[in-house]
Amino acid sequence: MKNEIELKKSNVRIHKEKYISILKNVASSHQKASDSSGNHIRNFNSLGFIADFSNKDDYASSINMVRDEAEDLVHSQKELNTEIKRYNNYISTFPNNIMACLFKFKKEKFIDEMNLDNSLEIGDL
């Protein structure tokens, strides 16, 4: 059960890293979309797609990428919280609580928006 929690935490870290990377790349592409003279330029960003924010389709595509990854992040958080709830219930019920006390198992903390936002580093989870 503890291994499942670590696996789910790893999944949240991966989605969080991808989400932050996409946000940074979209923001960077948006800033570079206009040169100093105000002319629109096309920009290859590190995700491998060409962002041309004068083109509404590229802008919509970028917004969709951000939204999709945000949904994946929320989904992985929910999966982690479900596993944490299952684990916490398991070590809290009799007779498992006796073994948990002997081996000093501790309840896991849930992941929510507030403590996810507070952990800016990927490894903080």
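Reading the values: rules and limits
Residues numbered from 1 in each chain as written. Predicted model: local features only at pLDDT ≥ 70, side-chain atom pairs only at ≥ 80, totals over all residues. Heavy atoms only, no water. Core = buried A, V, L, I, M, F, W, Y, C linked by side-chain atoms within 4.5 Å. Buried < 20%, exposed > 50% of the residue type's maximum accessible area, 1.4 Å probe, protein only. Helix = DSSP H or I, 4+ residues; strand = E, 2+ residues; numbered from the N terminus. pLDDT = per-residue confidence, 0-100. Contact = heavy atoms within 4.5 Å. Phe/Tyr/Trp six-rings, centres within 6.5 Å; stacked < 30°, edge-to-face > 60°. Salt bridge = Lys/Arg side-chain N within 4 Å of Asp/Glu carboxyl O.

### Considerations on the nonpolar core
Now for step 1: With nine residues, the main nonpolar core is built from Ile5, Val12, Leu73, Leu80, Ile84, Tyr87, Ile91, Ala100 and Ile111.
Now for step 2: Elements represented by at least two residues in this core include exactly helix H1 (2-32) and helix H2 (56-92).
Now for step 3: Broken down by element, this core gets its largest block of residues, five residues, from H2.

### Comments concerning the environment of Val26
Now for step 1: Inspection of the secondary structure assignment puts Val26 in helix H1.
Now for step 2: Under the relative-accessibility criterion, Val26 is labelled buried at 11%.
Now for step 3: Between the C-alpha atoms of Val26 and Ile63, which are 37 residues apart in sequence, the distance is 8.4 Å.

### Brief notes about the confidence of the model for the protein chain
Now for step 1: Chain-level pLDDT for the protein chain is 76 on average; 66% of the residues reach the 70-or-more range.
Now for step 2: Taken together, the stretch residues 39-50 has pLDDT below 50 and engages in 33 contacts with residues farther than four places along the chain or on a different chain.
Now for step 3: Across residues 119-125, confidence stays below pLDDT 50; counting only partners more than four residues off in sequence or on other chains, it has 16 contacts.

### Here's the deal with the packing of aromatic side chains
How two aromatic rings sit relative to each other is set out by the distance from centre to centre and by the angle between their planes.
Now for step 1: Scanning all chains against the criterion turns up one aromatic pair.
Now for step 2: Arranged with centres 6.1 Å apart and planes meeting at 25°, the rings of Phe103 and Phe105 form a pair that is stacked.
Now for step 3: Owing to a relative accessible area of 54%, Phe103 belongs among the exposed residues under this scheme.

### Re the pattern of salt bridges
Now for step 1: Enumeration over the complete set of coordinates arrives at seven salt bridges.
Now for step 2: With a shortest N-O distance of 2.1 Å, Glu108 and Lys2 are connected by a salt bridge. Taken together, the residues Glu108 in the loop between helix H3 (96-102) and helix H4 (113-118) and Lys2 in helix H1 connect sequence positions 106 residues apart.
Now for step 3: Glu108 gets classed as buried once you look at its relative accessible area, which sits at 13%.
Now for step 4: Residue classification places Lys2 among the partly exposed residues on the basis of a relative accessible area of 35%.
Now for step 5: For Arg67, the salt bridge is made with Asp68, and the minimal N-O distance between the two is 3.4 Å.
Now for step 6: We classify Arg67 as partly exposed; its relative accessible area is 41%.
Now for step 7: On the accessibility criterion, Asp68 (37% relative accessible area) is partly exposed.
Now for step 8: Residues joined in a network through salt bridges with shared partners are Lys2, Glu6, Lys9 and Glu108.

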